[in-house]
Amino acid sequence: MKKRTILVSGASIAGPTLAFWLQRFGFDVTVIERADELRLGGQNIDVREEAQQIVQLMGLENKIRQANTGELGVRFVNKNNQIIGSFPKRNSGFGTAELEILRGDLAKILHEATSDNVDYIFGDQITALADKEDMVTVTFKNGPQRSFDLVIAADGIRSTTLTLMFGNEPVIKYIGVYCSYLTIPRIESDTKWAYWYNAPGSRVINIRPDNEDTTRTSFSFLSPDSGYEKLSLAEQKEIIRQKFADAGWQAPRILTALEESKDVYLDRISQVKAPRWTKGRYAMVGDAAYCPTPMTGMGTSLSIIGAYILAGELSRHNCHKEAFAAYEKLLRPYVEEIQNLPPGVPWIAHPKTKFGIGLFNTVLRVASSKIANKVSKLFTGKKEKIKKDRIQLPIYK
Ligand SMILES: Cc1cc2nc3c(=O)[nH]c(=O)nc-3n(C[C@H](O)[C@H](O)[C@H](O)COP(=O)(O)OP(=O)(O)OC[C@H]3O[C@@H](n4cnc5c(N)ncnc54)[C@H](O)[C@@H]3O)c2cc1C
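We now turn to the structure provided with this report. (Residues numbered from 1 in each chain as written. Predicted model: local features only at pLDDT ≥ 70, side-chain atom pairs only at ≥ 80, totals over all residues. Heavy atoms only, no water.)

### Here's the deal with the site of the ligand
- If you check the shell around the ligand, you find 26 residues, and the closest are S12, A14, E33, Q43 and D287.
- Residue S9 places a side-chain N or O atom 3.3 Å away from a nitrogen atom belonging to the ligand.
- R39 places a polar side-chain atom, nitrogen or oxygen, 2.9 Å from an oxygen atom of the ligand.
- Across the complex, the protein chains shield 87% of the 910 Å² of accessible surface that the ligand would expose by itself.
- Examining the composition of the shell around the ligand, we find that three residues originate from one element, helix α9 (residues 299-316), more than from any other.
- Looking at the shell around the ligand residue by residue, the classes come out as six nonpolar, 14 polar and six charged. (Near = heavy atom within 4 Å. Polar contact = N/O pair within 3.5 Å; in protein donor to acceptor, adjacent residues only side chain to side chain. Areas by Shrake-Rupley, 256 points an atom, 1.4 Å probe, with all protein chains shown as cover. Helix = DSSP H or I, 4+ residues; strand = E, 2+ residues; numbered from the N terminus. Nonpolar A, V, L, I, M, F, W, Y, C, P; charged D, E, K, R; others polar.)

Spelled out as structure tokens, the structure:
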């Protein structure tokens, strides 16, 4: 029997994970990536919960462990660098995960695991799609027109493929916080802990270790939707300078490094909400379909879980319509649970006044105390069980 052909758009996390499982289940897979080469940028990301089980099944868990950033957990500090609360790494919920890795390292591992059996095309993108019921005709920016049985968008929150497939159906919902990431030189006092500092005016600075002898930092601040993400790099640097000039703690050090930094990235933190993830011979997966925001710590894990389930259901059903329906049915409650940010997020984590910060710090002090940890484990343990029952990760053969 002729192999079913599938075109996947996007070679970051969701795309190569989907390609891995599709080729294992006997599909003929092509991945197209707009960038000229694998994009290796980005900071610390987590592989959590069922995603860890999936990378185990892929035989990649050890490689991910070897590339671990070594982060020990998160410490909240005040302006005098005194530790207010320490949260050692754990495998669910907030903070450092057991499998913590730089995004670029994970993208590389996934690409290496698939490049022998998947056809990768870099430096091209889909410009037109025609679903002809028995196949999809695809027009590319550079290459010749081709046909595929199915086309799947795995090309992130700003996917243009998605618009070709679903028009303006998916909504990008801004959650009220901007975040800027940059890599800075490591200094001796940087440890293997991540640090979180709240400055008055709803501003947060994070410092995190990596495995490359540099230090990863981020600035986040509450703001109305201001279009900062569309500005030039020089303009974005100016916005960050203005916002954090008087923030205290390690702001002067990071702002000095900002001048020279080439990997500064400023974006509005948003969720993707889509009423459906499949249509005819089209589907979407990962951030393109259901970005939950980095604030959930689950963006990468959700991409891995979604890609595994989509590939698995396609292997179970000869009819793609049945597979797509099963993918939506199985995954949607889990996605909704993750996208449902706790009340007060992101405002609670970005208190405006000194009083608010004091209150936040008191809560952290209590939450990180040994007794509170023991009590909260009882509750988190219970919650995790409920979540696991809900997703019920199928084992596909
Ligand atoms: C360079 C980069 C850096 C990142 N850094 C961080 C970070 O520091 N922290 C964090 O929490 N998350 C970061 N992310 C997002 C994170 O990777 C995702 O939230 C999560 O892993 C889900 O991944 P995804 O594969 O669904 O989407 P993404 O990781 O967003 O990947 C989408 C891929 O599709 C490609 N693409 C986009 N448009 C097209 C098109 N039209 N045709 C073909 N290809 C296209 C992109 O180049 C990219 O490779 C980053 C993403 C990228 C691409």
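So, next bit.
### Examining the pairing of strand β15 (residues 214-222)
- Burial analysis of β15 places seven of its nine residues in the buried class, the great majority of the element.
- Taking the residues that link successive antiparallel strands as the turn, the strand β14 (residues 203-209)-β15 hairpin has four residues, and the phi of D213 there is positive, at about 65°. (Buried < 20%, exposed > 50% of the residue type's maximum accessible area, 1.4 Å probe, protein only. Pairing = 2+ DSSP bridges.)

### Points about the sheet that holds strand β9 (residues 136-140)
- Reading across from one edge, β8-β9-β10 is the order of the three strands in this open sheet, with antiparallel pairing throughout. Edge positions in the sheet fall to β8 (126-131) and β10 (146-148), since each of these pairs with one other strand and no more. Taking the axes of each pair of neighbouring strands and ignoring which way they run, one obtains an average angle of 30° across the sheet. (Axes fitted to C-alpha atoms, helices over the stretch in contact; angles between N-to-C directions.)

### A few points about the nonpolar core
- Core analysis: the biggest nonpolar cluster contains 77 residues, and V151, V285, L314 and L331 have the highest contact counts within it.
- If one sorts the elements of this core by residue count, α9 sits on top with nine residues.
- For L314, the contacting residues outside a window of four places in its chain are R4, I6, L22, F27, L150, I152, H320, A323 and F324.
- Counting 26 residues, the second largest nonpolar core, distinct from the first, contains V77, Y197, A257 and L266. (Core = buried A, V, L, I, M, F, W, Y, C linked by side-chain atoms within 4.5 Å. Contact = heavy atoms within 4.5 Å.)

### Some remarks on the pairing of strand β11 (residues 150-153)
- By the alternation rule, side chains of β11 split into L150 and I152 and V151 and A153, which are all buried.
- Note: strand β1 (residues 5-9) against β11, four bridges, orientation parallel. Pairing of L7 across the sheet is with V151, part of β11.

### A closer look at the pattern of salt bridges
- Applying the stated rule across the entire model yields 18 salt bridges.
- In this structure, R268 engages D225 in a salt bridge whose closest nitrogen and oxygen atoms are separated by 2.5 Å. Pair noted here: R268 is in strand β16 (residues 265-273) and D225 is in the loop between β15 and α6 (233-244), with a separation of 43 residues, a long-range link. (Salt bridge = Lys/Arg side-chain N within 4 Å of Asp/Glu carboxyl O.)

### Considerations on helix α11 (residues 354-367)
- If you check α11, its first and last C-alpha atoms are 20 Å apart, about what 14 residues at 1.5 Å a residue would give, namely 20 Å.
- Residues of α11 that are buried: G356, I357, F360, N361 and L364. Angular distribution of buried residues about the axis of α11 spans 135°; they occupy a single face of the element. Opposite the buried face of α11, by more than 90 degrees, sit the exposed residues F355, L359, V363 and V366.
- Among the structural elements, β4 (73-77), β5 (83-88) and β13 (194-199) are those in contact with the buried residues of α11. (Expected span 1.5 Å × (residues − 1). Arc of directions from axis to C-beta.)

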